[in-house]
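A structural walkthrough
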Amino acid sequence: MFQHYALFKHMTVFENIAFGLRVKARAIRPSEQEIQDKVHRLLNLVQLDWLHDRYPPQLSGGQRQRIALARALAADPRVLLLDEPFGALDAKVRKELRRWLRRLHDELHVTSIFVTHDQEEALEVADRVVLMNKGKVEQIGSPADVYNQPASPFVYGFLGSVNIFQGGVHSGVFDLEGTRFTIPDHDDAQNAKGLAYVRPHDIDITRYVTGESGIAAQLKRVHAIGPLAQLELQRTDSTEIIEVTLSSERYAALDLKEGEIILARPNKLRVFVNNAA
């Protein structure tokens, strides 16, 4: 495990990394020359050799984290435990560090257990994700598996934004506001209630036309900067908010105005029967 506060403030960067090597039992302790060589190799690995004579308080948060990792690696660990290693850093630095850590891991091939509450961080860094809820494992799989095939409502809601719609389930069909979706996983359900989980990018919208199927909603707010447009809709039959993500090109082509009534249509959903979690 490494954290920036684990560094000894009164030692230079070089001395911090060398510390674990120098306190080994005499029989297995490397020579001073071997220690010097290894520390410089690790500093080059984390791309901070030029800071070898600095002290931890003189480093940025991201630099301290990288030096702490170099110190942990000096002992040739079989497993690294990283417990919220980037939690105290700002978003930009965290993003840079997790990309750097992913590249470093590919080079070193050291088994690492990375604990985080940041979903984006987990999906970007990990080869295999374990999602836990109140001490219980909800799902284990690759980042693509857990995101695209969530095993439970908790996993669906935890990994990214999601809209939840109530509807009826009968003989493998989910009825949402008169629009029907085939759900083969629930062929045995009879006159049951279900919750449909839909990602914002899996909803399409059109202008409201009387008689057409879809969920009627008013366009309340639009954030259209960059390649994506983020829309907030409020259902006309409740105060429920629907989040929709469209390409900026698609949004521009629709030429919608805030306050306009539109129809929202899920084109991909996952239904959980009798589970309001």
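These numbers were taken from a predicted model, which means no experiment stands behind them.

The next point concerns the overall build of the chain. Check the secondary structure of the chain and you find eight helices and 14 strands. Within the chain, counting contacts between residues at least 6 apart in sequence, those at least 24 apart form 61% of the total. Surface accessibility of the chain: about 15500 Å² in total, with carbon and sulfur atoms responsible for 51%. Charged side chains in the chain number 34 positive and 36 negative. The centres of these two groups are separated by 5 Å.

Here we come to the environment of I140. Looking at where I140 falls in the secondary structure, it is placed in strand β4 (residues 136-141). Taking the C-alpha atoms as reference points, I140 and V129, separated by eleven residues in sequence, lie 5.7 Å from one another. Dropping the residues within four chain positions of it, I140 is found in contact with R128, V129, V130 and V146.

Time to look at the side chain of K38. Within the fold, K38 resides in helix α2 (residues 32-45). Setting aside its immediate chain neighbours within four residues, K38 contacts L21, A74 and D76.

Turning next to the sheet that holds strand β5 (residues 163-170). The strands making up a sheet associate through hydrogen bonds between their backbones, and the pairing can be parallel or antiparallel. Taking strand neighbours across the sheet as the criterion, the five strands line up as β7-β6-β5-β8-β14 in an open arrangement whose pairing is antiparallel. Strand pairing shows two members of the sheet lacking a second neighbour, β7 (179-182) and β14 (270-273), which therefore form its edges. Neighbouring strand axes in the sheet, compared pairwise and without regard to direction, differ in orientation by 35 degrees on average. Summarising the sheet, strand β8 (residues 192-198) and β14 pair through four bridges and their orientation is antiparallel. In the sheet register, Y197 faces β14, and the bridge partner there is R270.

This next bit is on the packing of aromatic side chains. Under the defined criterion, the tally for this structure stands at three aromatic pairs. Each ring, one from Y197 and one from F272, has its centre 5.4 Å from the other, and the planes form 85 degrees; the classification is edge-to-face. In this pair, Y197 is assigned in strand β8 and F272 in strand β14, connecting sequence segments 75 residues apart. Relative accessible area serves as the criterion here: at 1%, Y197 is assigned to the buried category. Exposure remark for F272: the relative accessible area of 8% places this residue in the buried category. Every member of this aromatic cluster is reached through a ring pair, and the members are Y156, Y197 and F272.

Core analysis: the largest hydrophobic core is formed by 31 residues, its most contacted members being I17 and I67. When residues of this core are traced back to their parent elements, those giving at least two are α1 (13-22), α2, α3 (61-74), β1 (79-83) and α4 (91-108). Top contributing element to this core by residue count: α3, with seven residues.

Okay, the packing of α3 against α4 next. For the pair α3 and α4, the least separation of the axes is 11 Å and the interaxial angle reads 20 degrees. If you check the angle between α3 and α4, you find them roughly parallel. α3 and α4 meet at a crossing whose hand is right-handed. Taken together, the residues of α4 that come into contact with α3 (itself represented by G62, Q65, R66, L69 and L73) are V93, L97, W100, L101, L104 and L108. Partitioned by chemical class, the residues of the contact of α3 with α4 number eight nonpolar, two polar and one charged.

This next bit is on the sheet that holds strand β10 (residues 215-225). The antiparallel open sheet is built from five strands, whose spatial order is β9-β13-β10-β11-β12. Edge positions in the sheet fall to β9 (203-207) and β12 (241-247), since each of these pairs with one other strand and no more. Between one strand and the next, the sheet's axes are offset by a mean angle of 45 degrees, whatever the strand orientation. Where β10 and strand β13 (residues 261-266) come together, four bridges link them in antiparallel fashion. By the bridge assignment, Q218 is partnered in β13 with I261.

Cut-offs applied
- Residues numbered from 1 in each chain as written.
- Predicted model: local features only at pLDDT ≥ 70, side-chain atom pairs only at ≥ 80, totals over all residues.
- Heavy atoms only, no water.
- Helix = DSSP H or I, 4+ residues; strand = E, 2+ residues; numbered from the N terminus.
- Contact = heavy atoms within 4.5 Å.
- Areas by Shrake-Rupley, 256 points an atom, 1.4 Å probe, with all protein chains shown as cover.
- Lys, Arg positive; Asp, Glu negative; His and termini not counted.
- Charge placed at Lys NZ, Arg CZ, Asp CG, Glu CD.
- Pairing = 2+ DSSP bridges.
- Axes fitted to C-alpha atoms, helices over the stretch in contact; angles between N-to-C directions.
- Phe/Tyr/Trp six-rings, centres within 6.5 Å; stacked < 30°, edge-to-face > 60°.
- Buried < 20%, exposed > 50% of the residue type's maximum accessible area, 1.4 Å probe, protein only.
- Core = buried A, V, L, I, M, F, W, Y, C linked by side-chain atoms within 4.5 Å.
- Parallel < 35°, antiparallel > 145°, perpendicular 65-115°, else oblique.
- Left-handed = near helix turned anticlockwise from the far one by under 90°.
- Nonpolar A, V, L, I, M, F, W, Y, C, P; charged D, E, K, R; others polar.

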